[in-house]
Amino acid sequence: MKVPQYKIHSVGLEEYRDYLNYVDILDSCKFYSSGKSGDFELRMLITRAKGDSGFKDLNLGFGVWNEETRDIDDGIETKNGDMQQILATVANRALEFLSRYPEAEIFAKGSTASRTRLYQMEIAKIINEVPDGLRIEGLISKIGFVDFRKGINFDAFLLSAK
């Protein structure tokens, strides 16, 4: 993808002690957004429900790391003018994960309907740049997942290797 990305850093599982009671963390990283609104540490996780063993029901989550609560807040808007760079960083990390685990299916959804819509608009902008080996599907309520297409409102997304 042509959009610049942030440099990512791996994060050890010890950072997420409270999360480990509920989910298995399969991938974790952090990166930093700096701009007009300040400096923010962002974290990204790919998880599955505790006790599941497969790679079919994974969840992608990301947001601003709150050091005090040791939690990821997916409701904060950094307003640094770097949304495309943040999304490109997250998408690239998901692609790297799928290259290691081609059987995986990663579910992604915004924390609000408007944020999901924003992600959809950003995907639509770069859909022609998506690598051939990546499948992006959109969820339509009462229908299920269909191949991503411009002009359709989706409720969530599913990323997988073709």
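Above this text you will find the structure in question.
Residues numbered from 1 in each chain as written. Predicted model: local features only at pLDDT ≥ 70, side-chain atom pairs only at ≥ 80, totals over all residues. Heavy atoms only, no water.

Turning to the side chain of Asn-80, a few remarks are in order. Along the chain, the position of Asn-80 falls in the loop between strand S5 (71-73) and helix H1 (83-100). On the basis of relative accessible area, Asn-80 is assigned to the buried category, the value being 9%. When neighbours within four sequence positions are excluded, Asn-80 is seen to be in contact with Ser-33, Ser-34, Gly-35, Lys-36, Ser-37, Gly-38 and Phe-40. (Helix = DSSP H or I, 4+ residues; strand = E, 2+ residues; numbered from the N terminus. Buried < 20%, exposed > 50% of the residue type's maximum accessible area, 1.4 Å probe, protein only. Contact = heavy atoms within 4.5 Å.)

Tracing the chain through its elements places Val-23 in strand S2 (residues 23-35). For Val-23, a relative accessible area of 18% translates into the label buried. C-alpha of Val-23 to C-alpha of Ala-49: the two residues are 26 residues apart in sequence and 4.7 Å apart in space.

Taken as a whole and assessed by the stated rule, the structure comprises 9 aromatic pairs. With centroids separated by 5.9 Å and ring planes inclined at 35°, the aromatic side chains of Phe-62 and Tyr-119 adopt a geometry described as tilted. Taken together, the residues span a long stretch of sequence, with Phe-62 in strand S4 (residues 58-66) and Tyr-119 in helix H2 (residues 113-126) at a distance of 57 residues. You can call Tyr-119 buried: its relative accessible area is 15%. For the ring pair Phe-148 and Phe-154, a centre distance of 5.4 Å and an interplane angle of 35° mean the geometry is tilted. You'll find Phe-148 and Phe-154 in the same group, each marked buried. What links up through ring pairs into an aromatic cluster is the set Tyr-16, Tyr-19 and Trp-65. Here the guanidinium or amino end of Arg-43 rests over the ring plane of Trp-65, the centre of that ring lying 4.0 Å away. (Phe/Tyr/Trp six-rings, centres within 6.5 Å; stacked < 30°, edge-to-face > 60°. Lys NZ or Arg CZ within 6 Å of the ring centre and 35° of its normal.)

Attention now moves to H1. Taking 1.5 Å per residue, 18 residues should reach 26 Å; H1 reaches 26 Å between its end C-alpha atoms and fits that length. Those residues of H1 not exposed but buried are Ile-86, Leu-87, Ala-88, Thr-89, Val-90, Arg-93, Ala-94, Phe-97 and Leu-98. (Expected span 1.5 Å × (residues − 1).)

This next bit is on the packing of H1 against H2. Axis angle and axis distance: for two packed helices, these are the angle between their axes and the distance between the axes, and together they describe the pair. At a closest axis distance of 11 Å, the pairing of H1 and H2 adopts a crossing angle of 80°. When the axes of H1 and H2 are compared, the pair comes out roughly perpendicular. Residues Met-83, Gln-84 and Leu-87 of H1 pack against Leu-118, Tyr-119, Glu-122 and Lys-125 of H2. (Axes fitted to C-alpha atoms, helices over the stretch in contact; angles between N-to-C directions. Parallel < 35°, antiparallel > 145°, perpendicular 65-115°, else oblique.)

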